Amino acid sequence: MANLTGALIGCGFFAVNQMHGWSDVKGATIVAICDRDPQRLKIVGDQFGIERRYSDTAALFADGGFDFVDIATTVQSHRTLVEMAAGHKVPAICQKPFAQTLSDAKAMVAACRNAGVPLMVHENFRWQTPIQAVRKVLDNGAIGTPFWGRLSFRSGYDVFSGQPYLAEGERFIIEDLGIHTLDIARFLLGDVKSLTARTKRVNPAIKGEDVATILLDHESGMTSIVDVSYATKLAVEPFPETLVEIDGSEGTIRLSQGYRLEVTNGNGTEIIDVSPTLLPWASRPWHNIQESVFAIQQHWTDRLMSGGETSTSGADNLKTFALVEAGYESASTGRSIDIGVLL
Ligand code: NAD
Ligand code: 89Y
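No experiment lies behind these values; they were computed from the predicted model shown.

Cut-off values and rules
- Residues numbered from 1 in each chain as written.
- Chains lettered and ligands numbered in written order.
- Predicted model: local features only at pLDDT ≥ 70, side-chain atom pairs only at ≥ 80, totals over all residues.
- Heavy atoms only, no water.
- Domains from an automatic or database assignment.
- Contact = heavy atoms within 4.5 Å.
- Buried area = accessible area lost by both parts, 1.4 Å probe.
- Salt bridge = Lys/Arg side-chain N within 4 Å of Asp/Glu carboxyl O.
- Polar contact = N/O pair within 3.5 Å; in protein donor to acceptor, adjacent residues only side chain to side chain.
- Helix = DSSP H or I, 4+ residues; strand = E, 2+ residues; numbered from the N terminus.
- Nonpolar A, V, L, I, M, F, W, Y, C, P; charged D, E, K, R; others polar.
- Near = heavy atom within 4 Å.
- Areas by Shrake-Rupley, 256 points an atom, 1.4 Å probe, with all protein chains shown as cover.
- Expected span 1.5 Å × (residues − 1).
- Buried < 20%, exposed > 50% of the residue type's maximum accessible area, 1.4 Å probe, protein only.
- Core = buried A, V, L, I, M, F, W, Y, C linked by side-chain atoms within 4.5 Å.

A. Local environment of the domain arrangement of the protein. Per the domain assignment, the segments of the protein are domain 1 (4–117) and domain 2 (126–283 + 320–342). Computed over C-alpha atoms only, the centres of domain 1 and domain 2 are separated by 27 Å. Taken together, the contact between domain 1 and domain 2 spans 14 residues of the former and 14 residues of the latter. Between domain 1 and domain 2, the buried area comes to about 1200 Å², and carbon and sulfur atoms account for 66% of it. Three residues stand out in domain 1 for area buried against domain 2, namely Phe13, Lys96 and Leu102, and they jointly supply 43% of the buried area on that side. With its nearest N and O atoms 3.2 Å apart, the salt bridge here joins lysine 96 to aspartate 176. Across the contact surface, domain 1 and domain 2 share four residue pairs in polar contact (both at pLDDT 80 or more). At the level of elements, helix 1 (15–24) and helix 5 (102–115) are the ones that each hand at least two residues to the side of domain 1 that touches domain 2. Examining the composition of the side of domain 1 that touches domain 2, we find that four residues originate from one element, helix 1, more than from any other. Residue composition of the side of domain 1 that touches domain 2, grouped by class: five nonpolar, six polar and three charged.

Below you can see the structure in the form of structure tokens.
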């Protein structure tokens, strides 16, 4: 089958990883790029040898000549761009956070469904090697039936130097990073019935919250905690590792710092190194995220060719996004939020 062709919209900080990822993906090639900032357009166009360059998305879609778009802009433009793709019947990948509000996200899913085009959210953290390894242990039944979990991301890494807009929004850690951790909770432990959250801002130089502690009641009856912080200074900086603890009827899983996976059950304890591969274009400590960018883009390409639904389709991501909305609502009201009511 011929290679699929794609157009990338948004040539900023993170898009460089996506472009490297596309260079490694089998079955897809980026043939056009678009950014309203001429400098970013030139930097990415020159780095990846892309001739077709656009400063305006309307002109990009009008010219066409690609099988999908990869939207790597920040959240403000996501709804407009996804609806534009749907209007041109072009399948779309959209970066997280999917939308500014849950009602926008629902409208985006509806637009693509009505147009009959696939929509995937670039929710890559569940594609990280260590997270996939935990999923495999659960699937093998090594710890029996899980009854408790903790998904933890605590760091003091300076994310603001590369992504200055993160310091400026009313919302920060749940919308930017916790969204991934909540998605991992769903991926490993199943969908969520209700949620209770508490947030705090520790860093006085930013506008939004940089600490969140979230209690999840899963539909299965199990309980988990998602705790995230960018105000945690540790002896060894763990960015960008998500640490996982899961207790089951027959044993336990511990994914600890340094990509160390420990599985304990009646047979004893097995310790597995689940370090991500350092791809040739990747750099530490980002390599864990960078490898997952390649993995999710390969998954999209395979599914677009076979016609199957992606793991993080727009419809699936509504259930993660609802947890973000619920997190802010719970933190501001002090109440537990019923997720079913939001969906
Ligand atoms: P950025 O500001 O560096 O880049 C965004 C680019 O999009 C800019 O160059 C801007 O000019 C361009 N742009 C914005 N609106 C546009 C429009 N309507 N038409 C054309 N160009 C437009 O932002 P970033 O840090 O690269 O983040 C982009 C997205 O990636 C964000 O949503 C962020 O949350 C997400 N992100 C995801 C991960 C991950 O692991 N999945 C990691 C980092 C960032
Ligand atoms: O934007 C964020 C993301 O999606 O992963 C890490 C990050 O770059 C900073 O929190």
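B. Summary view of the site of ligand 2. What surrounds ligand 2 is the set Lys96, Phe125, Val159, Gln163, Asp176, His180, Tyr230 and Trp286. Within the side chain of lysine 96, an N or O atom sits 2.8 Å from an oxygen atom of ligand 2. In the environment of ligand 2, an oxygen atom lies 2.7 Å from a nitrogen or oxygen atom belonging to the side chain of histidine 180. Considered on its own, ligand 2 offers 270 Å² of accessible surface; in the complex 92% of this is hidden by protein. When the residues that make up the shell around ligand 2 are grouped by side-chain class, the tally is four nonpolar, two polar and two charged.

C. Focus on helix 8 (residues 287–306). The first and last C-alpha atoms of helix 8 sit 29 Å apart over 20 residues, in line with the 28 Å expected at 1.5 Å per residue. By the criterion of burial, helix 8 is predominantly enclosed, with 15 of the 20 residues buried. The positive-phi residue at the C-terminal boundary of helix 8 is glycine 307, with phi of around 90 degrees.

D. Inspection of the nonpolar core at higher detail. Counting residues in each nonpolar core, the largest one holds 87 residues, and the members touching the most others are Val69, Phe98, Val134, Leu188, Ile214, Ile246 and Leu261. A per-element tally of this core places helix 7 (residues 173–189) first, with ten residues. Looking at this core, you find at least three residues from each of domain 1 (4–117) and domain 2 (126–283 + 320–342). Apart from the residues lying within four places of it in its own chain, the contact partners of valine 69 are Ala7, Ile9, Phe61, Ala85, Val90, Pro91, Ala92 and Ile93.

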